[in-house]
Amino acid sequence: GVAKSWVSYDYSTGTPTVMGSYNISSLGDDGTGHIQVNYDTDLSAAHGATVGLIQAGAGGYSMAGSSQAVGSVDVWVSDDNHTLGDFDGSVVIFGDQA
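Read on for an overview of the structure. None of these values were measured; they are calculated from a predicted model. (Residues numbered from 1 in each chain as written. Predicted model: local features only at pLDDT ≥ 70, side-chain atom pairs only at ≥ 80, totals over all residues. Heavy atoms only, no water.)

In terms of regular secondary structure, the chain is built from zero helices and eight strands. When its helices and strands are written in sequence order, the chain yields β-β-β-β-β-β-β-β. Here the C-alpha coordinates of the chain stretch approximately 35 × 25 × 25 Å along the principal axes. Here the chain holds 98 residues, and the buried ones make up 35% of them. Here the analysis covers contacts within the chain between residues at least 6 apart in sequence; of these, 53% occur between residues at least 24 apart. Carbon and sulfur atoms make up 51% of the accessible area of the chain, which amounts to about 5,100 Å² in all. (Helix = DSSP H or I, 4+ residues; strand = E, 2+ residues; numbered from the N terminus. Buried < 20%, exposed > 50% of the residue type's maximum accessible area, 1.4 Å probe, protein only. Contact = heavy atoms within 4.5 Å. Areas by Shrake-Rupley, 256 points an atom, 1.4 Å probe, with all protein chains shown as cover.)

Encoded structure:
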């Protein structure tokens, strides 16, 4: 029941910048509203549980995780019309480490 990785990031520089983290090696900026979160220590299986939160004031936008791998997870931020957007946020990953 303990988070294996987490990251808090912001977009003040135009790309996602790590503000704080645990077991995160890097963030990939894969386009508007699309971040790849890369782990220092891999999970033992590709399907951990990913929880995300975007900044207050990002009205109508939500975060979803996809394309999980043992070493990373892709995160998408979009509104109800599937319009992607870059917003500050946090991602937490639960699972077993390798």
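Right, let's talk about the sheet that holds strand β2 (residues 17-22) for a bit. Pairing within the open sheet is antiparallel, and its four strands lie in the order β2-β1-β8-β5. Both edges of this open sheet fall to β2 and β5 (49-54), since each of them pairs with a single strand only. Ignoring strand direction, the axes of neighbouring strands in this sheet form an average angle of 15°. Pairing geometry for strand β1 (residues 5-10) and strand β8 (residues 89-94), over five bridges, is antiparallel. Following the sheet pairing, S5 is matched in β8 by I93. (Pairing = 2+ DSSP bridges. Axes fitted to C-alpha atoms, helices over the stretch in contact; angles between N-to-C directions.)

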